[in-house]
Every structure is written in structure tokens, then in C-alpha cells.
Amino acid sequence: MNIYEQLQAVEDRYEELGELLSDPEVVADTKRFMALSREEADSRDTVAVYRDYKRTLRDIDDAQELIKEAADDPDLLDMAKEELKEARSAKEDYEEKLKVLLLPKDPNDNKNIILEIRGAAGGDEAALFAGDLLAMYQKYAENQGWKFEVMELSVNGVGGIKEVIAMISGQAVYSKLKYESGAHRVQRVPVTESQGRVHTSTATVLVMPEIEEVEYDIDPKDLRIDIYHASGAGGQNVNKVATAVRIVHIPTNIKVEMQEERTQQKNRDKAMKIIRARVADHFAQIAQNEQDAERKSTIGTGDRSERIRTYNFPQNRVTDHRIGLTLQKLDSILSGKLDEIIDALILFDQTQKLEALQQK
């Protein structure tokens, strides 16, 4: 099937999806309705560009016809030639866009994410840097018009973050933040350093797509749920009412504890969101590891302990090691202006995938 047949098939399917989504039987089937809605959303941009592309092909035909008819009218001929030039230029642009749009899509791209940040090597300084990363992602989410909700937060004695779990909700969050998983390294003089020496510390970031219950069903028999009293400074509920929840997925020993909310049900709901994402991510990683060659040809899907980025404070420099990108604007990036890095990562990923397709 050539590219034009592929595009026509996508448009035909898009129109079919529009009819299916208005069918009462489909609407009543939540799981199927959600799957078809996602499929329609995934193909919407491709169909819109394809329709513009077909309109441009008609414009080229019309301009060529007009050139034939305007042989004796210099003004009309010049106008027709200019229209043909513009239409041909637009055609090339649409063809490049369509090549990218036809690349295999990540089914998680339109999803919300669960973000986990932990201080790693470097003690207090690593925890402080984890706090800087949390602030960076919060500001980036705000710039994108996304909702940022801290679900669980554990701090150390100097105000750094041992661990934070957050939910980021909005349009296509995973598509932009999926490349952030990995070890982030900071080079700077710690506030506790009296000699002014630059230290290196790391914090780890994990980005997982939110998994809905209808998408991934965990057998209740595989879960152990413990209810206990919340601890730490706080409101009246602490040590009086058992509201904290611990959920363990027995087959993988993945554990989630949640005590931020004042009710047991809210803590349970949040804990289930996290454990569903972690378990799904666990098995997705196993499947990915079995496809080593493919995994190594992409970014953002490798070893989660891999050092992906360095933030050098003395030189106001940020380097993404996967694509060799260095920017002398660390202050701007930490203030949430991540677009330049994220756009470069997306372009690199798309270029790799295009090259892989052309080699087949």
C-alpha cells in the first residue's frame, strides 16, 4: 500500500469512527467507546492535513488549467503561475507533515501522566535538586495549561525532596514529557559547602502514562490492601482515624503508600491510580527489554538509570546527552521553559523513526 492509499484508508476509517461514536450501542459500551474515541483523536490531525493536501492538489490542477487558458492574457498568466508556485510549495510542506503523521503512534501520547521524582546520589544536595526539578515541571505544566497535582510528598530535614509523586493532567501530556525518564545530574556548589567546591549529585525522574481501570484490569486477588493510621504533623485525623492506605501488588511486590488525603477512600483511589500505572509500566518495560534492537533505536525508553541530562550551574548550561544538545540557558529551563529541549527530542525521535521506515 503506497502513502496515498494509506492516507485514504485513514480518512475512510475516520469517517467510519464518526458514525460508530454516535451509535447508542457503542456509547453504552464504555471500554469500546473510549478506545474508538482515542482512535478518532489519534487520526484527527492526519485527516485534517490530508484533506488540505487533496485541496492543494486540486489547486495545482486548477492553476495548470488556467495557465493553458491564459496564454493571451499576460496578467492572468502571471497570476496563474504564481498560484501554481504557491500550491506546489504547499504540496511539499504537506507531504513532509504527512510522512511524520503516518509514523506509528505511541498509544499513550494523549494520556495524562504520573510523575515520580526522587533524590538519588548526593544526599541533601540531591534532595534539594529533586525539589528544583519538581518546580521546573510545575512551571512547565502551568505554561502548557495543564493541571498539576502533588499526590504524595516526602521531604528531608533541609527542605529537599526524598520522593514526590504527582499527576499531570491535560492535552497530550505524555507525548511531551515521556522523554524525561532517567537520571538528571546537577553540578553546582551546595549551600552546605564552605569551600566553594562544585559537587555532582543526581535525581531520578520517572514518567508513566495514567492507566484507566477499563484499560488495565488488576486481579483483586493479586493485591494486598492495608489500612493504617496516618503519621506526621497535620490535622485532626492523624493517629485518630485509620485513613492511610498501603497497596501491594503481590506478583511484582510493587508497593504504594498514600496518606495525603483525609479520607481512606480518597487515599485508596489515588493509590490505585499509582499502582495501576506502576504495574503496567513494569510489564511494558519487560516487553520492551525483549525487543532490544528496537529499544536502542529510540530515546526515552532505555535504562531508567541512564544519565540523560546534566544541569551545570557555574556555566548556566544544560546538556541533553541523548541528542548532544547543549543550551546556555539553565536559569530559563529551570523556570519551566522546556520547549526547546522537548521539541528537539521529539524531532530527533521522529527522524530516527523515519530513517528506520525507509530502511525497511
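Note that the structure is predicted; figures quoted are calculated from it, not measured.

About the cut-offs
Position numbers for residues count from 1 along each chain, tracking the sequence in the order it is written. Local features in a predicted model are, by the rule used here, given only for residues with pLDDT of at least 70; side-chain atom pairs are given and counted only at 80 or more, and totals for whole chains, interfaces and linings are based on all residues. Side-chain descriptors were evaluated using all non-hydrogen atoms of the structure, hydrogens and water having been removed beforehand. Think of it this way: any DSSP run of H or I at least four residues long counts as a helix, any run of E at least two long counts as a strand, and we number them from the N terminus. Partly exposed residues are those whose accessible area sits between 20% and 50% of the maximum for their type, while under 20% is buried and over 50% is exposed, using a 1.4 Å probe and protein chains only. A carboxyl oxygen of Asp or Glu within 4 Å of a side-chain nitrogen of Lys or Arg is what we treat as a salt bridge. Classification of ring pairs rests on two measures: the distance between centres of Phe, Tyr or Trp rings, Trp counted by its six-membered ring, which must be within 6.5 Å, and the angle between planes, read as stacked under 30 degrees, edge-to-face over 60 and tilted in between. Comment: the charge-over-ring label is applied if NZ (Lys) or CZ (Arg) is within 6 Å of the ring centre and within 35 degrees of the ring normal. For two strands to be treated as a pair, DSSP must find at least two bridges joining them. Helix axes are fitted to C-alpha atoms over the stretch in contact, other axes to C-alpha atoms as well, and angles between N-to-C directions run from 0 to 180 degrees. In this analysis, two residues are considered to be in contact whenever any of their non-hydrogen atoms come within 4.5 Å of each other. To estimate how far a helix should extend, the number of its residues minus one is multiplied by 1.5 Å. To get the bend at a given residue, fit one axis to the seven residues ending there, fit another to the seven starting there, and take the angle between those axes.

**Section: unusual backbone geometry**
Link 1 in the chain: Although it is not a glycine, alanine 172 sits at a positive phi angle of roughly 50 degrees.
Link 2 in the chain: By the secondary structure assignment, alanine 172 is in the loop between strand 3 (161-169) and helix 6 (173-177).
Link 3 in the chain: On the basis of relative accessible area, alanine 172 is assigned to the buried category, the value being 16%.
Link 4 in the chain: In this structure, asparagine 316 takes a positive phi of about 50 degrees despite not being glycine.
Link 5 in the chain: Mapped onto the secondary structure, asparagine 316 falls in the loop between strand 9 (307-312) and strand 10 (317-320).
Link 6 in the chain: Residue asparagine 316 is classed as partly exposed on the basis of its relative accessible area of 26%.

**Some remarks on the pattern of salt bridges**
Link 1 in the chain: In this structure the tally under the stated criterion is 27 salt bridges.
Link 2 in the chain: Here lysine 99 and glutamate 96 are joined by a salt bridge, their closest N and O atoms 3.3 Å apart. With lysine 99 and glutamate 96 both in helix 4 (residues 74-101) and three residues apart, this pair spans about one turn of that helix.
Link 3 in the chain: Owing to a relative accessible area of 35%, lysine 99 belongs among the partly exposed residues under this scheme.
Link 4 in the chain: Here arginine 246 ties to glutamate 257 by a salt bridge, and the two come within 2.9 Å at their closest N and O atoms. Taken together, the residues arginine 246 in strand 7 (residues 244-249) and glutamate 257 in strand 8 (residues 254-258) connect sequence positions 11 residues apart.
Link 5 in the chain: Overall, the relative accessible area of 32% leaves glutamate 257 in the partly exposed class.
Link 6 in the chain: Salt bridges here are not isolated pairs; linked through shared partners, they connect Arg224, Asp226, Arg246, Lys255 and Glu257.

**Topic: the packing of aromatic side chains**
Link 1 in the chain: In this structure the tally under the stated criterion is two aromatic pairs.
Link 2 in the chain: Consider the rings of phenylalanine 129 and tyrosine 311, whose centres lie 5.3 Å apart with planes at 65 degrees: the pair is edge-to-face. Of the two residues, phenylalanine 129 is situated in helix 5 (residues 123-144) and tyrosine 311 in strand 9; the sequence distance between them amounts to 182 residues. For the pair formed by phenylalanine 129 and tyrosine 311, the shared burial category is buried.
Link 3 in the chain: Ring centres 5.6 Å apart and planes at 85 degrees place the aromatic pair tyrosine 140 and tryptophan 146 in the edge-to-face group.
Link 4 in the chain: Residue classification places tryptophan 146 among the buried positions, given a relative accessible area of 10%.
Link 5 in the chain: Its guanidinium or amino end placed over the ring of phenylalanine 313, arginine 188 lies 4.7 Å from that ring's centre, counting from NZ or CZ.

**So, the sheet that holds strand 6 (residues 223-228)**
Link 1 in the chain: Reading across from one edge, 6-7-8 is the order of the three strands in this open sheet, with antiparallel pairing throughout. Strands with a single pairing partner mark the edges of an open sheet, and in this sheet they are strand 6 and strand 8. In this sheet, adjacent strand axes meet at a mean angle of 15 degrees when their direction is disregarded.
Link 2 in the chain: Pairing between strand 7 and strand 8: five bridges, direction antiparallel. Its bridge partner being in strand 8, valine 245 is matched across the sheet by methionine 258.

**Overview of the sheet that holds strand 11 (residues 325-327)**
Link 1 in the chain: Pairing is mixed across the open sheet formed by eight strands, whose spatial order is 2-3-1-5-4-9-10-11. Every interior strand has two partners, whereas the edge strands, strand 2 (147-155) and strand 11, have only one. Each neighbouring strand pair of the sheet contributes to a mean axis angle of 15 degrees, computed without reference to strand direction.
Link 2 in the chain: The pairing of strand 10 with strand 11 spans three bridges and is antiparallel. Residue pairing across strands places threonine 319 opposite threonine 326, the latter belonging to strand 11.
Link 3 in the chain: The strands touched by helix 5 are strand 1 (113-119), strand 2, strand 3, strand 4 (182-188), strand 5 (199-209) and strand 9; relative to strand 4, the strand with the most contacts, the crossing angle is about 110 degrees.

**Quick notes on helix 3 (residues 30-69)**
Link 1 in the chain: Across its 40 residues, helix 3 extends 57 Å between first and last C-alpha, which sits within 8% of the 58 Å expected from 1.5 Å per residue.
Link 2 in the chain: Helix geometry: helix 3 is bent most strongly at arginine 44, by close to 40 degrees.
Link 3 in the chain: Among the residues of helix 3, Leu36, Glu40, Ser43, Thr46, Val47, Val49, Tyr50, Tyr53, Thr56, Ile60 and Ala63 are the ones counted as buried.
Link 4 in the chain: Where helix 3 is buried, its residues meet helix 1 (3-20), helix 2 (24-28) and helix 4.

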